[in-house]
Amino acid sequence: MHSVSLHAIAIRFVVITSVSLATIWISLGRMAAEKVATAIAMPVGIIWMLLLFACAVAIARREKASAMFIFMIWLAVTFAGSGFVAGWVADSLESPFLAISPLEEEPFHVVVVLGGGGSIGGNNRMQGNSSGDRLILAAQLFHQGITENFICTGKRIESMNSSGVDPSDVSAEVLQKLGVPESAIEKLGGRNTSEEMKTLGERFGTSDKRIGILTSAWHLPRALRLARRNNFNPQPLPADFRKSPDINPPTTGEVLLMLIPSADALAANTAMGKEYLGMLVGR
């Protein structure tokens, strides 16, 4: 039953992988093959390939239960780190806001910039992070005269954040570096979106002022839901879209890369999974 040696299986696995990369090189070019090889050589790609190899070993040795168990784990990693899944989840959250052009909106009395678009770098400089488009869009709104006032939200959870700096502080400083005067920026607490919307609802719930809420497009569904729960009805200003534009269908090379799990897709699916979890538990 266990007559197939691990060495022989490994050689076949390497040969099949090498032939696959060579086929990509011949059909799509050297650069495409290098991109695919690099994706496989990254941590998530290595784990993905090791699971596939372990599954091949179990199949070769006729260990059906083990093969099925390993395959299910491999399948879970494939879906969790898939660019296709990340695109689909992003579309499910962002599609209601695709027609909104923030820079073409009528003026706002104030724009609320939700925290999460900045962080502190290793050199202690306040900087934009992967959601930094929130802060870029806010600065653009100011310089185009769409708003003259901002409220930056976010208070750190001290047990979970040793930086000593609140998200609202980071957002305010980055906006100032982008040309927004300190006098135009107000800072507001809130350790999570639920707390932020409760405070904003108490302040603007009965106001007839035109208020915008600026955050990542994938975060807007939950933010607006919590805002309405607190009788707060701001106008959505989406930033940081994760969905790619539907201009052309993906190329064969793009499809191959999206099939290989990546840390970027895993991070995107994690962030958007938190949105669905938050909506599920009402937070």
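This text follows the structure it describes.
For every chain, the first residue of the written sequence is number 1, and numbering continues from 1 onward in sequence order. A pLDDT threshold of at least 70 governs which residues receive local features in this predicted model, and a stricter bar of 80 or more applies before side-chain atom pairs are shown or counted, although totals over entire chains, interfaces and linings include all residues. Note: side-chain values were computed over all heavy atoms of the structure, leaving out hydrogens and water.

I keep staring at the overall build of the chain and nothing clicks. Help me out?
Along the chain, the regular secondary structure elements total eleven helices and seven strands. Taken over C-alpha atoms, the radius of gyration is set against a globule rule of 2.2 Å times the number of residues to the power 0.38. Relative to a compact globule of 283 residues, whose C-alpha radius of gyration would be 19 Å, the chain shows 24 Å and is clearly more extended. Partly exposed residues are those whose accessible area sits between 20% and 50% of the maximum for their type, while under 20% is buried and over 50% is exposed, using a 1.4 Å probe and protein chains only. A total of 283 residues make up the chain; the buried ones form 39% of that total. Calculation of accessible area relied on Shrake-Rupley with a 1.4 Å probe; when residues are assessed, cover is drawn exclusively from the protein chains displayed. Carbon and sulfur atoms provide 60% of the accessible area of the chain, an area that totals close to 15,800 Å². Mean positive and mean negative side-chain charge positions of the chain (25 and 24 charges, respectively) differ by 9 Å. Only DSSP runs of H or I with at least four residues qualify as helices, and only runs of E with at least two residues qualify as strands; both kinds are numbered from the N terminus onward. Charged-residue counts in this description rest on Lys and Arg as positive and Asp and Glu as negative, His and the chain ends being excluded. To locate a charge, take NZ of a lysine, CZ of an arginine, CG of an aspartate or CD of a glutamate.

Just to check I follow, could you spell out the packing of aromatic side chains for this structure?
The geometry of two aromatic rings is summed up by the distance between their centres and the angle between their planes. In this analysis, rings of Phe, Tyr and Trp, with Trp reduced to its six-membered ring, are considered paired at centre separations within 6.5 Å, and the interplanar angle assigns stacked below 30 degrees, edge-to-face beyond 60, and tilted for intermediate values. Enumeration according to the criterion identifies five aromatic pairs in this entry. The interplanar angle of 25° and the centroid separation of 5.7 Å between the aromatic rings of phenylalanine 71 and tryptophan 74 together place this pair among those described as stacked. Note that phenylalanine 71 and tryptophan 74 are positioned in helix α4 (residues 64-80) at a spacing of three residues, about one turn of the helix. On the basis of relative accessible area, phenylalanine 71 is assigned to the partly exposed category, the value being 33%. Taking the relative accessible area as the measure of exposure, tryptophan 74 reaches 15% and is therefore buried. Taken together, the aromatic side chains of Trp48, Phe71 and Trp74 make up a single cluster linked through ring pairs. Above the face of the phenylalanine 108 ring, arginine 210 is positioned so that its terminal group lies 4.2 Å from the ring centre. Here, a charge over a ring is recorded when the distance from Lys NZ or Arg CZ to the ring centre is within 6 Å and its angle to the ring normal is within 35 degrees.

Sorry, what's going on with the pattern of salt bridges here?
Think of it this way: side chains of opposite charge can pair up when their charged atoms draw near. Think of a salt bridge as a Lys or Arg side-chain nitrogen and an Asp or Glu carboxyl oxygen that are within 4 Å of each other. Following the criterion strictly, the structure yields ten salt bridges and no others. Close ionic contact of glutamate 34 with arginine 30 constitutes a salt bridge, the shortest N to O distance being 2.7 Å. Remark: arginine 30 and glutamate 34 occur in helix α2 (residues 30-41); sequence separation between them is four residues, near one turn of the helix. With a shortest N-O distance of 2.8 Å, glutamate 105 and arginine 210 are connected by a salt bridge.

Just to check I follow, could you spell out the pairing of strand β7 (residues 235-239) for this structure?
Within β7, four of the five residues are buried, which leaves the element mostly enclosed by the surrounding structure. At least two bridges found by DSSP between two strands are what make those strands a pair. Pairing between strand β6 (residues 211-216) and β7: five bridges, direction parallel. Within β7, the residue paired with leucine 214 across the bridge is leucine 237. Since β6 and β7 lie parallel, the crossover through helix α9 (residues 220-229) that links them has a hand, and here it is right-handed. Call a crossover right-handed when, viewed with both strands pointing away from you, the route from the first strand across the helix to the second goes clockwise.

Just checking my understanding: could you explain the pairing of strand β5 (residues 185-188) for this structure?
Remember that side chains alternate between the two faces of the sheet whenever the strand is regular. Taken together, the four bridges between strand β4 (residues 150-153) and β5 define a ladder with parallel strand orientation. Paired with threonine 153 across the strands is leucine 188, a residue of β5. The β-α-β motif built from β4, the intervening helix α7 (residues 167-177) and the parallel element β5 has right-handed crossover chirality.

Which parts of the structure should I look at to understand the nonpolar core?
Note on soluble globular proteins: their nonpolar side chains tend to be buried together. We call a set of buried residues a nonpolar core when its members are Ala, Val, Leu, Ile, Met, Phe, Trp, Tyr or Cys and they connect through side-chain atoms within 4.5 Å of each other. Within the largest apolar cluster, 24 residues are counted, with the highest numbers of intra-cluster contacts made by Val111, Val113, Leu141, Phe150, Leu175, Val180 and Leu214. Residue contributions to this core peak at six residues, all from helix α6 (residues 133-143).

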